Amino acid sequence: MLPQLVRAAGAGGSVPLTRKGEGREFRALLVSPQAAEEAGVDLAGVPAWPTAEARKKLGELVQAAADGSPQVLRRHKTAVAVLIPDTAVAGTNPAAVPGPAAMPPAVPSTAAAEPAAPPAPLPHAPVSVPQAPRTAPPTGTPKASVPGTEAAATPQRPASDVALAQAAAPAVPGIAEPVGPNPPAASAPGAAPAAAPAAASDAAPPAAPPAAATVAAAPRRRLAPLADVLAAFPTTSPASDAADRDDALALPGLSTGLTALDQALGGLQPGRFHLVAGAPGAGASLLAVAAARTTALTHHQPVLYAASGLTSADVLARTIAAHTPVDYRRLRAGTLTPDERQAVADTTQLITGAPLFIDDGTDLTTAAIASTVPDVPNLALLVVDRLQAAHDPRLPLSGPTAIADAVQALAHLARTHHLPVLAALDTDDAALLQSLAADLTLTLTSDGTRTQDGTRTELTITERDLGPLTTLTLTADLAHARLTDYTPFDPYADARDLTPAEHDALNPSPSTPDDHPTTSAPTSPPTAPQAPQSASAAAGDAGVPVTTPEAAEDAFSAPPAPAAPAAQQATAAAPAQVPQPQPQPQPQPQPQPQPAAAGPGPVSVAEPAEVVPVTAPVVPPTGAPALPTSAPAAARRGATYASRDYSYFTEMITGAVERALEEHGGDAEAATEALVKQAIPNGMELFEATRVGGNYEHTVYPETLEFLRKKTKDGVDEIWEGRHKWENTQLTERLLDGVTVSVTALDTNASYLSAFKTHLPIGGLRHDPDGGFDPKRSGIYRLPERPTWNHPELPDPIGNRRETGPVLLDGATIRLLIRCHKLGLCAPPHITESWTSGATEGLLEKFRRVLTEARNTAITNGDDITLEYIKAMYSKFVSTIGESSVNRDIRRPDWMHIIRSQAFANLWFKAHRAHKHGLTIVRVRGTDELHITGDTDWRTVFKEGRLTTELKIKDQYTLPRSRKSGH
């Protein structure tokens, strides 16, 4: 091989090279630059070639050097060898030139290895240089001979690679000469290699006709029997053998770190060129980093990472962020926490000993890459990151023409070196990818939907001659600069038939109270039902209690916890009444225990340094500052929900109330009316402030699907919301028999505000014609018909509408149906189509907490003005995110449906809980009214009060009512 010849020349030797053509033989010497200068060759202005490019046209360079034009070979910008003419051997008989065989050891041996009777002018025999296989020969120029290729061929390497390696075997002074092109079949391996070539040279007829010489110099191709190919091909071992092997499940190639991709490809296999294409941001470079770090850090095999346009620091930072993992942006900014710094330190220790070699720079070419490949011993993987579709004059690997050349050169490099090569390309242009005709193309396409783990990405594997093979779903975790596997979730995988005892326990008769022990109420309101596996969906901020369907069902448990001391229930005084204002804790009317999953004990609340009891509403001072528009970083920090300080955001609400009272001279009614009119813009301002530093961005003005559009100005769209006007028909029939019952109408507090904790789609909705349900996504779902409901004692989860045919339901209603299926009440929803996006419960979470905190404070202070203002903020926020022109910041009719349906789902869970505890459900109205009757005191089931986790009495009446009462 040429690198070996270059090293031999650099060691002080001169390597003779020959090329046959145009009826004669061209001879040149490959020497070191120092030796060329000592021979009087002026290297100034001499043509220079990268070694990789010189290898492809070595025959032409030998011919040019033999004609008196020296040629310099360089690695990057450093000259490493020079081709100079060798006029003393220009007339040597081609038939007498011995061909190369297996590479002899590069150890000088002047005793047994000296050639027998060599010609006087030659210190050693020349090497015949073949025509480069990828370069078309000039017109009239015969192909160079490749003698002796059959001597050292191996089934593991392509014939072209073997021929080139053997043809480039150096002949260093003092090293045995290789045998001729047709060695005896019975030659002993240990026989002296110099005797036969010498005898052949002496016996060669000097007057051989030119035709005979041409026949003798014809290249000999190695034909690979199919059995030899099979020996090198990755196959599955027989079952009997696999049972005895530790690596029975090992991949044929190198792992990419992605299970789905490894299973589809069998890993990155030697001799194959893998082109990873994707638009900027789709993750092509992330896949390159994944393959490199998995090979080098996990499997400890050498990797050459050619970074075109990137720096070695970029590659290192992405490797650390992905392998630790840690946030890439904070890693580069140096703002990691102490624990994260320790984790990074552990990763850097691993990287220190990893065989990952980075070649970066703007002058990186495929020739430079190929010249570096032999410098990495036992190289296992070559990664090129990246080829750029747009031409950049500063980057050689950019532009369509350069990319086409690079793809062919890298594919050739993979075959000749029997090496897996992976290159990233920053485009998914189908026309460009088709023109490149890469053997294997992996195209990444992001569908724009985001989850708590990252962005959903599709990867299509295409083989040049077979077309698309398969499409995989991955997750682009841009925060940690990595790609991860995406695992679809089956919400019914763990469903099973309930035993009769379990069914009776879940559905007790009204006359038999359920003795199920009650638990304490959680701090957060119930959420949409979901499968247990999806309970880890992160909210927008750290420290949010995760709510499972089981916890949601028990969200209004009783008896209530013991009342807190009065000092702990009081709120902080207004700043005007405190001489030196200090940060005050938010009001805690009574301690709220966590959900069962977080532990049985109550949430600990930090005690304030001083608590000022407030027994009456305090009129705030005038001259409050203007409503701020962004939150300082200090106000966004906090370890847990209970101890987090939201005073900055709540002051946005109290400040607006103060200004309204000042502008209207203390007139409470006029101030309330003015605040209600400003509820939409002020609510949006507060929402945007709470989103600063959030993990998710809301989408403004996405494409509105046709079934989400109102058909008339005052009409509705096609979505079937779970809003209800339900009555217990069994009880109605009993009333006809003269039965009288006492009914208590309970009212839930701030039902829409509690429903802010629901799974909202973040991006635009995308159509899936195959349907199905993914707990990490939310949107609109089509069912061929409404599910059957056979429980007249409980409200139907999708309401009392009875239209036939397909129905369109939102994500909150679908989750409620899935929960009902888990309870054994109905069949799972059969979803035939869906329009969804990646979803999160955290989008409105901080907004909900701030409004809840301010509402609790207003209740404690008896502040009806602030209460009405907050109610207008959250209720109008819901009603104006549809097609209303009042709120131009967010138009998401799908959000409106989901929040409203979530409010009813929360009410349904209350009804189910009351039914479990022996109460009879009489009526359900809208999203906040629950009418019940029974011998059980409802206060043992729910907590009474005005907080969002409590219920209050709205009305009490007797059925049947008299006509005089109007009912």
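This one's a predicted model, so the numbers in the text were calculated from it and none came from an experiment.

## Some thoughts on the sheet that holds strand E25 (residues 951-959)
Across the sheet, five strands lie side by side as E16-E23-E24-E17-E25; this open sheet has antiparallel pairing. Two strands in the sheet have a free side with no partner beyond their single neighbour: strand E16 (724-727) and E25. Recorded for the sheet is a direction-independent mean angle of 20 degrees between the axes of neighbouring strands. Pairing analysis gives four bridges linking E16 to strand E23 (residues 920-926), with the strands arranged antiparallel. Bridged to Glu727 within E23 is Arg923. Sitting on the sheet, helix H29 (residues 893-916) is in contact with E16, strand E17 (741-748), E23, strand E24 (929-933) and E25, with an inclination near 170 degrees to E23.

## Focus on the pattern of salt bridges
A full pass over the atoms with the stated rule returns 27 salt bridges. A salt bridge links Glu673 to Lys677, with the shortest nitrogen-to-oxygen separation between them at 3.9 Å. One end of the pair is Glu673 and the other is Lys677, both in helix H22 (residues 668-677) and four residues apart, which spans about a single turn. Classification of Lys677 as exposed rests on a relative accessible area of 60%. Shared partners join several salt bridges into a network, and the residues in it are Arg415, Asp439, Arg464 and Asp465.

## A word on the pairing of strand E10 (residues 381-387)
Of all seven residues making up E10, six are buried, and the element is well covered by its neighbours. Pairing analysis gives five bridges linking strand E8 (residues 303-308) to E10, with the strands arranged parallel. Opposite Ala307, over in E10, you have Asp385 as the bridge partner. In the sheet, E10 pairs with strand E11 (residues 421-425) via five bridges, with the strands oriented parallel. Bridge pairing links Asp385 to Ala424 in E11. Read as a crossover between parallel neighbours, the route from E10 over helix H16 (residues 400-416) to E11 is right-handed.

## Quick look at the packing of aromatic side chains
What the rule picks out here adds up to 11 aromatic pairs. In textbook terms, an aromatic cluster arises when at least three aromatic residues are bridged by ring pairs, as seen for Phe687, Phe756, Phe847 and Phe877.

## Quick notes on the packing of helix H21 (residues 647-663) against helix H23 (residues 679-691)
Two elements in contact, H21 and H23, have axes separated by 10 Å at closest approach and are oriented at 160 degrees. Between H21 and H23, the crossing angle belongs to the class labelled roughly antiparallel. H21 and H23 meet at a crossing whose hand is right-handed. Contacts from Phe649, Met652, Ile653 and Ala656 in H21 reach Asn682, Glu685, Leu686, Ala689 and Thr690 in H23. When grouped by side-chain class, the residues that make up the contact of H21 with H23 number six nonpolar, two polar and one charged.

## Overview of helix H26 (residues 811-822)
Here H26 spans 17 Å end to end across 12 residues, near enough to the 16 Å set by a 1.5 Å rise per residue. Within H26, 12 of the 12 residues are buried, which leaves it mostly tucked inside the rest of the structure. Those residues of H26 lying buried are Gly811, Ala812, Thr813, Ile814, Arg815, Leu816, Leu817, Ile818, Arg819, Cys820, His821 and Lys822. Capping the start of H26, Asp810 holds a side-chain oxygen 3.1 Å from the backbone nitrogen of Ala812, two or three residues further along. The positive-phi residue at the C-terminal boundary of H26 is Gly824, with phi of around 80 degrees.

## Brief notes about H21
Taking 1.5 Å of rise per residue, 17 residues should cover 24 Å, and H21 covers 24 Å from first to last C-alpha, within 8% of that figure. One or two residues past the end of H21 sits Gly665, with phi positive at roughly 60 degrees.

## Quick notes on the environment of Ser778
Within the fold, Ser778 resides in strand E20 (residues 777-783). On a C-alpha basis, the gap between Ser778 and Ala839 in space is 5.5 Å, while along the polypeptide they are 61 residues apart. In this structure Ser778 touches His759, Leu760, Pro761, Leu765, Gly811, Arg815, Trp835, Thr836, Ser837, Ala839 and Ile898, once residues within four positions along its chain are discounted. One polar contact links the side chain of Ser778 to the main-chain carbonyl oxygen of His759, over a distance of 3.0 Å.

## Points about the environment of Leu287
With respect to the helices, strands and loops of the structure, Leu287 is situated in helix H11 (residues 284-298). What makes Leu287 buried here is its relative accessible area of 0%. In this structure the C-alpha to C-alpha distance between Leu287 and Thr484, which are 197 residues apart in sequence, comes to 9.5 Å. Excluding anything up to four places from it in sequence, Leu287 contacts Leu258, Leu261, Val276, Leu442, Leu459 and Leu483.

## Some thoughts on the confidence of the model for the protein
With 64% of its residues at a pLDDT of 70 or more, the protein has an overall mean of 73. Counting contacts from residues 489-494, a segment whose pLDDT is below 50, to residues more than four positions away or on other chains yields 16 contacts. Every residue in residues 508-642 is under pLDDT 50, and counting partners more than four places away or in other chains gives 246 contacts.

## Notes on the nonpolar core
Core analysis: the biggest nonpolar cluster contains 46 residues, and Leu261, Leu442 and Leu459 have the highest contact counts within it. The leading source of residues in this core is H11, at nine residues. In terms of nonpolar packing, the next biggest core, distinct from the first, is built from 44 residues, Tyr648, Phe687, Trp895 and Met896 among them.

## Quick look at the pairing of strand E4 (residues 71-75)
Two strands pair when backbone bridges link them, and strand E3 (residues 48-50) and E4 are joined in this way by three bridges, in the parallel orientation. The residue bridging Ala48 from the neighbouring strand is Val72, located in E4. In terms of strand pairing, E4 meets strand E5 (residues 78-85) through five bridges, oriented antiparallel. Looking across to E5, one finds that Arg74 is bridged to Ala79.

The rules we used
- Residues numbered from 1 in each chain as written.
- Predicted model: local features only at pLDDT ≥ 70, side-chain atom pairs only at ≥ 80, totals over all residues.
- Heavy atoms only, no water.
- Pairing = 2+ DSSP bridges.
- Helix = DSSP H or I, 4+ residues; strand = E, 2+ residues; numbered from the N terminus.
- Axes fitted to C-alpha atoms, helices over the stretch in contact; angles between N-to-C directions.
- Contact = heavy atoms within 4.5 Å.
- Salt bridge = Lys/Arg side-chain N within 4 Å of Asp/Glu carboxyl O.
- Buried < 20%, exposed > 50% of the residue type's maximum accessible area, 1.4 Å probe, protein only.
- Right-handed = clockwise from strand over helix to strand, strands pointing away.
- Phe/Tyr/Trp six-rings, centres within 6.5 Å; stacked < 30°, edge-to-face > 60°.
- Parallel < 35°, antiparallel > 145°, perpendicular 65-115°, else oblique.
- Left-handed = near helix turned anticlockwise from the far one by under 90°.
- Nonpolar A, V, L, I, M, F, W, Y, C, P; charged D, E, K, R; others polar.
- Expected span 1.5 Å × (residues − 1).
- Polar contact = N/O pair within 3.5 Å; in protein donor to acceptor, adjacent residues only side chain to side chain.
- pLDDT = per-residue confidence, 0-100.
- Core = buried A, V, L, I, M, F, W, Y, C linked by side-chain atoms within 4.5 Å.

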